[in-house]
Structures are given as C-alpha cells and as structure tokens.
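# Structural features, examined
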Amino acid sequence: MTEATDNAGTATTAKAAVVTGASTGIGEATVRALRQEGWTVFAVARRAERLEALAAETGAVAVPADVTDDADVARLVDEVTRAGGIDTLINIAGGARGADKVAEAKTEDWAWMYEVNVLGTMKLTRAFLPMLRACGEGTVLNLTSTAGLSAYEGGGGYNAAKFAQHALTGALRLEEAEHNLRVIEVAPGMVQTEEFSLNRLGDQGAAEKVYAGVEKPLTAADVADVVRFAVAAPHHVNLDQIVIRPVAQASNFKVIRKG
C-alpha cells in the first residue's frame, strides 16, 4: 500500500484494491468509483486493450490477467506486491452462459460458469489472503447475484455457480474473522450492462427483451456505488450481505414491466 498525505499534511496509508472483471460493466464502474475516491486500483481482466484505455482515463494500473489461470494469478500477485500491495480484493469477474433447463443443459456452459465464478474467485482469494492478513485490516468483497439466493427455471447452471460462490463467501467470513479480515457479499438483481445478457443469450434481440418495459433497471454505476460504500466503511463495520435490486424487480419472480 502506498503512503499519501491528508489535508493537514499527515502521512496516511492510501487504500489500495485489486478489482477483477474490470474491462466492462460493474467491474469497470467499480474501478472508476474507487479512483474518484483516491484509491490505488489494480484493474484486472483478460482484454488488455480495454484495460489500457481505462487506465489512461482513470489512472488505474492495468494488469491483463485471466483469473482462472494459475500462472496469471501468480504474476498478478507478484506485480501487486512489487507495487506496494493491497488491503482490499474485489472479485467481480464472472458471468452466465445460456438459459437452458437442466434437461437440455450444455456441459461446457456449466463448466465455464463454475470455473469463472467459483474457481476464479477462490484462486484470487487464496493467492491474496497472506497479503490481506498481513495488512491487519483486509477486506474481500465478492460480487455474487440474487441468482445465488433463489433458483429459477432456466437458471440452473448460473444458479449453481452463484450459490457456490455465495457459500464460498460465507465460509471465508467464518474462517478469516480471527485474522480481522472483513468479508462482504454484494448480490445484485437486474442490472442492465453492455455485455452480461448479450454474452449469456448470444443475441442482441434476446438480450434487450430481458429489460423490456422495466422502468429503471440498475446500472453498473449503481452497483459500483454500493461496492464503494461497503469497502470504504470503517473496517469494523462489516456489511455481510447486500442485496440490491431495482424497485421494479420485487424478486427473481416478480418484475414490473410497462407497455
């Protein structure tokens, strides 16, 4: 972590975070939100060109890496260590593929969702835990989903991955409390982003139908603002689980659509 000075000229420890999934959507918005608050941010994603553009605009540190690749994770930890370390890890990388019922499930889609959402989160967390423990007041925030709290038809694969990530987060909180490590879960509902539904359904028309008639679905910036608030709260304040939905989405099963 780097040193900075406050308005009185006193040396302080600047907050520093790794944010994964930073090339688009909620991850990108979180990088922007933290940089606006003066955080040092290591922006992590696979798409180097998008990260470089974000870094040029915000002052974040671009670190192209695949969170599921052991060599990339080791390289990321090494780069962050050499740059002064972090006190906060924000696992946002993830996603969904397909909306098939279990009877028509595609093994490759389920495997991809588990690897990215669950194993990616585990690998990053495992790799950074020694650093986060050593700083004395570390934080891990995992972005899960309301899909990890309530199952729905056609969501089996994504439900399974996000339920697993939710369980991982709960276990981590129990295991790391003795190290003064704060573990936060943010579970968004309907968020309209550039790529999530398009990547899941593979068709622009189908992606647009997800949000059709919904008044003011959440934006990536809405969720990023909640993430920023949670990790910036005094360290003894642990927001264990935050569920965030648009008002029009009363539950996974009730969405108000107009027109």
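Refer to the preceding data block for the structure.
Computed from a prediction, not measured in an experiment: that's the story for all the values here.

Moving on to the side chain of T68. With respect to the helices, strands and loops of the structure, T68 is situated in the loop between strand 5 (61-64) and helix 3 (70-82). Polar side-chain contacts of T68 include one of 2.8 Å to the side chain of D66. Apart from the residues lying within four places of it in its own chain, the contact partners of T68 are E115, V116, G120 and K123.

Turning to the pairing of strand 4 (residues 40-45), a few remarks are in order. Consecutive side chains of a regular strand alternate in pointing toward one face of the sheet and then the other. Burial of strand 4 is extensive: 5 of the 6 residues sit out of reach of the surface. Following the chain from strand 3 (residues 16-20) across helix 1 (residues 25-36) to the adjacent parallel strand 4, one finds a crossover that is right-handed. Pairing between strand 4 and strand 5: 4 bridges, direction parallel. The residue bridging V44 from the neighbouring strand is V63, located in strand 5. Viewed along the sheet, the connection from strand 4 through helix 2 (residues 48-58) into strand 5 turns out right-handed.

On to the nonpolar core. Membership of the largest hydrophobic core comes to 33 residues, with the highest contact counts inside it found for V31, L34, I90, L141, V186 and V223. When contributions to this core are tallied by element, the ones reaching two or more residues are strand 3, helix 1, strand 4, helix 2, strand 7 (139-143), strand 8 (182-188), helix 8 (220-232) and strand 9 (241-244). Ranked by residue count, the leading element in this core is helix 8, at 6 residues. Setting aside its immediate chain neighbours within four residues, I90 contacts A17, V18, V19, T20, T30, L34, L141, V227 and V231. The next biggest cluster of nonpolar side chains, apart from the first, holds 23 residues, and it includes A16, L76, L89 and L129.

What counts as what
- Every residue gets a number counted from 1 within its own chain, in the order that chain's sequence is written.
- Only residues with pLDDT of at least 70 get local features here, since the model is predicted, and only at 80 or more are side-chain atom pairs given and counted; chain-wide, interface and lining totals rely on the full set of residues.
- To get the side-chain values, all heavy atoms of the structure are used, and hydrogens and water are removed first.
- Helix and strand definitions here come from DSSP, where helices need a minimum of 4 consecutive H or I residues and strands a minimum of 2 consecutive E residues; each element is numbered from the N-terminal end.
- Polar contacts, as used here, are pairs of N or O atoms within 3.5 Å; protein pairs need one atom able to donate a hydrogen and one able to accept it. Residues neighboring in sequence count only if both atoms are side-chain atoms.
- The contact criterion used is simple: two residues touch if any of their non-hydrogen atoms lie within 4.5 Å.
- Three labels apply to residues, based on accessible area from a 1.4 Å probe with only protein chains included: buried if under 20% of the type maximum, exposed if over 50%, partly exposed otherwise in between.
- Handedness is read with the strands pointing away from the viewer; a crossover is right-handed when the path from the first strand over the helix to the second is clockwise.
- A pair of strands is considered paired only if DSSP assigns at least 2 bridges between the two.
- By convention a nonpolar core is built from buried Ala, Val, Leu, Ile, Met, Phe, Trp, Tyr and Cys residues, the set being connected through side-chain atoms within 4.5 Å.

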